[in-house]
Amino acid sequence: MTVEAGTNESPNEEYKAPASALDVTPTLDGGVLKEIIKEGESEETPLSGCKVHVHYTGKLTDGTVFDSSRDKPQPFTFQLGKGKVIKAWELGIATMKKGEVAVLHCKHEYAYGITGSPPKIPPKATLIFEVELIEWDVENLSGKKDNGILRRPITNGTGIDSPKELAEVEIHLVGEYEGRVFDDRDVIFCLGEGADNDIPPGVEKALESFVRGETSKLELKPKYGFGDIGHEKFGIPPGASLVYTVTLKKYDQPKDSWMMSSHEKLDEAKNLKEKGTKYFKAEKFDLALKMYKKVLEFIESDAGFEEELLADRSTVLLATNLNIAMCHLKLKHFTEAKKSCDVALDLDANNLKALFRRGQALLQMCEPSLARKDFEKVVALEPTNKAAAAQISVCTQRQRELHSKEKIMYANMFEKFAQKDREKEDLERLKGEEAMKGSFGEWGADERQREPTHFERENPDILMLDTAGDFKNM
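What you are looking at is a predicted structure, and each value in this text was computed from that prediction instead of being measured.

**Student:** Kindly report on the packing of aromatic side chains, identifying the contributing residues and their values.
**Tutor:** Taken as a whole and assessed by the stated rule, the structure comprises 13 aromatic pairs. Note on Phe66 and Phe129: the rings are 5.7 Å apart at their centroids and 85° apart in plane angle, and the pair reads as edge-to-face. Linking Phe66 in strand S4 (residues 65-68) with Phe129 in strand S7 (residues 127-137), this pair joins segments that are 63 residues apart in sequence. Residue Phe66 shares its accessibility class with Phe129, and that shared class is buried. Each ring, one from Trp89 and one from Phe129, has its centre 5.4 Å from the other, and the planes form 85°; the classification is edge-to-face. With Trp89 in helix H1 (residues 87-93) and Phe129 in strand S7, this pair connects stretches of sequence that are 40 residues apart. Exposure class is identical for Trp89 and Phe129. Each is buried. Grouped by ring-pair contacts, the aromatic residues Tyr56, Phe66, Phe76, Phe78, Trp89 and Phe129 constitute a single cluster.

Now the structure itself:
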């Protein structure tokens, strides 16, 4: 809501709201009084995070109108509970029902304060708003326009901070599918590792917007639930939409990397690397990849690292990129696997694992000649490496197969070109024949087959038509 220019300079300090107005402030200090003009359509009211649509008219206590949405093409829209409007609106509109019309009588402490909003709203001004709550939209937390994660707050929490990735959270959750409760438990885990605790990605994403003590109902589309796989243990089929009621009991926020010493960064990187290896051994490759990528956030740059820690950092960095490459290979992300191997080889040009894994990626990318070079380099560096030698044979066979396919492809291509040329020649020939037919003019074949006229029967020797269709005097 914006306030436009005006002229009123002083509030009416003697203003008193009607006796029927109810105090809607948490402390009942009379700062926001609400007078219902028209009852709403239901008992439900919007909660924090909802996008509300309202029409309003704002007046000073002397009746001067300083702003109104009624003069504008669209209702005014804002997100409730996010500090986007004056405090009186946050409190008053949160008590309204759909279709309700109410007048909010707002003391300056809940409006524009001791300074006002010059030139239209004077200092310490009590304001009067007639507000119509048209409707509200449930908050979408997916970050996209797909409404994949809808939040309906049940109980507002405390504070303004939310847990971020890697924070250890303690929650209670209740999961429902088509009215059936399939999950009801307390769980402690680190954000980013929810999959290891049978928690869908939509719940993890939503928790990054929760505050301590909050309880909200989440509606998850399949992409943010258990996707196209479902969850056998919970009896959830593929492509299922889910509903979760989640309470964030407490959380421990991780330390930001910029606040860490070099020792702390290295220790955190090693801890995350160990987690990644645990998930990799359990064949949870997506989780392993997530952990390994987090390692890079702490040590990818050597800025601020003490000299004595640089060698240790390089060792962890090399191992992490090799592990990332292996995860990508398992997940069949071959281009990404090659990129991680390239990074590893920048750190150690003769690293056998990096060469071998890049060769594997290139082979899957249908680049057997390039893959062979990597495997040959492995054998040159380690002649006893039987795995690399076997891969060289595979590359040779793939090259032959590729060459054979190319020959067939090019042969077919040339045959198609030749066919096109033949078709073109046939078309040109047909055009020529049509042109010859056209040269007969009106004395064509059809004309030669007609009955002779009386004059022609009486004078057969005067004119003769030769085979070319030209006239000859005899």
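**Student:** Which residues make up helix H8 (residues 368-381), and what values go with them?
**Tutor:** One turn of the α-helix equals 3.6 residues, which is why residues spaced by three or four share an orientation. Over its 14 residues, H8 extends 20 Å from the first C-alpha to the last, a length consistent with the 20 Å expected when each residue adds 1.5 Å. Listed as buried for H8 are Pro368, Ala371, Asp374, Phe375 and Val378. For H8, the arc enclosing every buried residue in end-on projection is 125°, short of the 170-degree limit, so these residues lie on one face. Along H8, exposed side chains directed more than 90 degrees from the buried face belong to Lys373 and Ala380.

**Student:** Go over the environment of Ser257, please, and point to the residues and values.
**Tutor:** Inspection of the secondary structure puts Ser257 in the loop between strand S13 (242-252) and helix H3 (262-281). On the basis of relative accessible area, Ser257 is assigned to the partly exposed category, the value being 28%. The sequence separation of Ser257 and Glu297 amounts to 40 residues, and the corresponding C-alpha distance is 8.0 Å. Leave out the neighbours within four places in its chain, and Ser257 touches Lys265, Glu297 and Phe298.

**Student:** Describe the pattern of salt bridges, listing the residues and the values that go with them.
**Tutor:** Inspection of every chain in the model, using the stated rule, returns 22 salt bridges. Asp186 is paired through a salt bridge with Lys249; the nearest N and O atoms lie 2.9 Å apart. In this pair, Asp186 is assigned in strand S11 (residues 180-190) and Lys249 in strand S13, connecting sequence segments 63 residues apart. Judged by its relative accessible area of 48%, Asp186 falls in the partly exposed class. Among the residues examined, Lys249 registers a relative accessible area of 37% and is labelled partly exposed. Glu297 is paired through a salt bridge with Lys294; the nearest N and O atoms lie 2.9 Å apart. Note that Glu297 and Lys294 are positioned in helix H4 (residues 285-299) at a spacing of 3 residues, about one turn of the helix. Salt bridges sharing partners connect three or more residues here, namely Lys338, Asp342, Arg358 and Asp374.

**Student:** Tell me what's going on with the confidence of the model for the protein chain, and back it up with residues and numbers.
**Tutor:** In the predicted model, the protein chain carries a mean pLDDT of 87, and the fraction of residues at 70 or more is 86%. Segment residues 438-448 is flagged for pLDDT under 50; beyond a separation of four residues in sequence, or across chains, it makes 8 contacts in the model.

**Student:** Let's hear about helix H6 (residues 334-347): which residues, and what values?
**Tutor:** With 14 residues, H6 ought to run about 20 Å at 1.5 Å a step, and its terminal C-alpha atoms sit 20 Å apart, in line with that. Considering only its buried residues, H6 is in contact with helix H5 (307-330) and helix H7 (352-364).

Cut-offs used in this document
- Residues numbered from 1 in each chain as written.
- Predicted model: local features only at pLDDT ≥ 70, side-chain atom pairs only at ≥ 80, totals over all residues.
- Heavy atoms only, no water.
- Phe/Tyr/Trp six-rings, centres within 6.5 Å; stacked < 30°, edge-to-face > 60°.
- Helix = DSSP H or I, 4+ residues; strand = E, 2+ residues; numbered from the N terminus.
- Buried < 20%, exposed > 50% of the residue type's maximum accessible area, 1.4 Å probe, protein only.
- Expected span 1.5 Å × (residues − 1).
- Arc of directions from axis to C-beta.
- Contact = heavy atoms within 4.5 Å.
- Salt bridge = Lys/Arg side-chain N within 4 Å of Asp/Glu carboxyl O.
- pLDDT = per-residue confidence, 0-100.

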